[in-house]
Amino acid sequence: MSTAIAVNGAAGRMGRTVIETASERDDVEVVVGFHATDAGDIGGVPVVESDGVASALAEHDVDAVVDFSTPEAALGIVDACIAADVALVVGTTGFDAEGFDALEAASDEIPVLKATNFSRGIQVLLRTVTEAVGALDGYDLELMETHHNDKVDAPSGTANTILETVQDERDVEPVYGREGHAPRDEDEIGVFARRAGDIRGEHELVLAGNDEVLSLSHRAEDRGVFAAGALDAAGWLVDRGDGWHEFDDVIDED
């Protein structure tokens, strides 16, 4: 039996990709989409405006919502998900501390899985970053990311996750770009964001020292990578209890 999915932000780039990716699978089915404005049908999926979320969740017997929207739109459906006892998978980035706390509070009542990136390769990269930074103490660190020209948050959520992973291993302070006379401190990590064209997502961590350079990088060739991971997470999440869950757990249990 397939998992019934609703997509929040259905008319956006990732929302459309989730709908398209789900149409090629047997284990999940997108039964309804939500968007801030009337978007009609997308890929044969009815899309309703955001004020109709509560009734649509019940009408379509939704198991899980996959959200790729904005922080405001994501938080706007939380109460409806709680009322309908529907699991929530959040791929939206750019939440402030208050917004993140609201998602965590929701996890007391429904299963919530929040990830900055649903690529399996990124999850492996994060594990590798932990090992490399721990082993190469004293090497200089630089973090670069590149995304399409419509991305509004910088650095990307994935870059921030990489940064947090580095900081779990070493006490470094981020320096966001450099200009003018800016000598490098040994306890800093440079963080740089580029925006151009239709680039899906590129991330690179450089560790340099001892007359050598180690580059750990990941590049997504298609947004379908993220959509597939989010759908995997949704299917996995509906069988879990209330609480905060990690995408890393989805991969570990494959």
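Residues numbered from 1 in each chain as written. Predicted model: local features only at pLDDT ≥ 70, side-chain atom pairs only at ≥ 80, totals over all residues. Heavy atoms only, no water.

**A closer look at the pattern of salt bridges**
Taken as a whole and assessed by the stated rule, the structure comprises 17 salt bridges. In this structure, D248 engages R127 in a salt bridge whose closest nitrogen and oxygen atoms are separated by 2.7 Å. Within this pair, whereas D248 is found in helix α9 (residues 247-252), its partner R127 is found in helix α6 (residues 120-135), the two being separated by 121 residues in sequence. Residue classification places R127 among the partly exposed residues on the basis of a relative accessible area of 37%. Among the ionic pairs, R219 bridges to E221, the shortest N-O distance being 3.1 Å. In this pair, the class of R219 matches that of E221, namely exposed. A network of salt bridges, in which partner residues are shared, links R13, D150, D198, R200 and R223. (Salt bridge = Lys/Arg side-chain N within 4 Å of Asp/Glu carboxyl O. Helix = DSSP H or I, 4+ residues; strand = E, 2+ residues; numbered from the N terminus. Buried < 20%, exposed > 50% of the residue type's maximum accessible area, 1.4 Å probe, protein only.)

**Thoughts on the sheet that holds strand β6 (residues 87-90)**
Judged by pairing direction, the sheet is mixed, and its 8 strands sit side by side in the order β3-β4-β2-β1-β5-β6-β7-β13 without closing on themselves. Two strands close off the open sheet at either side, each with one partner strand: β3 (41-42) and β13 (243-245). Two strands pair when backbone bridges link them, and strand β1 (residues 3-8) and strand β2 (residues 28-35) are joined in this way by 6 bridges, in the parallel orientation. Bridging from a neighbouring strand, I5 pairs with V30 of β2. Helix α5 (residues 97-106) rests against β6, β7 (111-114) and β13 of the sheet, and its axis sits at about 145° to β7. Contacts from helix α8 (residues 224-237) reach β1, β2, β5 (64-67), β6, β7 and β13 within the one sheet, and its direction differs from that of β6 by about 155°. (Pairing = 2+ DSSP bridges. Contact = heavy atoms within 4.5 Å. Axes fitted to C-alpha atoms, helices over the stretch in contact; angles between N-to-C directions.)

**Quick word on the domain arrangement of the protein**
The domains assigned to the protein are domain 1 (3-118 + 223-250) and domain 2 (120-220). Inter-centroid distance (C-alpha atoms) of domain 1 to domain 2 is 28 Å. Counting from both sides, the interface comprises 11 residues of domain 1 and, opposite them, 15 residues of domain 2. Buried surface at the junction of domain 1 and domain 2, summed over both partners, amounts to about 1,200 Å²; 41% is from carbon and sulfur atoms. (Domains from an automatic or database assignment. Buried area = accessible area lost by both parts, 1.4 Å probe.)

**Remarks on α5**
Listed in full, the buried residues belonging to α5 are G99, L103 and A106. One side of α5 holds all its buried residues, which, seen down the axis, span an arc of 60°. Across α5 from its buried face, at more than 90 degrees, point the exposed residues A97 and E98. As for α5, its buried residues are in contact with α3 (71-76), α4 (78-84), β6, β7 and β13. (Arc of directions from axis to C-beta.)

**Section: the environment of M144**
As for its placement among the helices and strands, M144 is situated in strand β8 (residues 140-147). For M144, a relative accessible area of 22% gives the class partly exposed. Expressed as a C-alpha distance, the spacing of M144 and A132, which sit 12 residues apart in the sequence, is 17 Å. For M144, the contacting residues outside a window of four places in its chain are F192, E202, H203, E204 and V206.

**A short note on the nonpolar core**
I5, V18, V66, L113, F118 and F247 are the most contacted members of the largest nonpolar core, which has 32 residues in total. In terms of residues, this core owes the most to one element, α8, which gives 8 residues. When residues no more than four places from it in sequence are discounted, the contact partners of F118 are F68, V89, V90, G91, L113, V225, F226, G229, A230, A233 and F247. Listed in part, the 23 residues of the second largest apolar core include A6, A56, V62 and F95. (Core = buried A, V, L, I, M, F, W, Y, C linked by side-chain atoms within 4.5 Å.)

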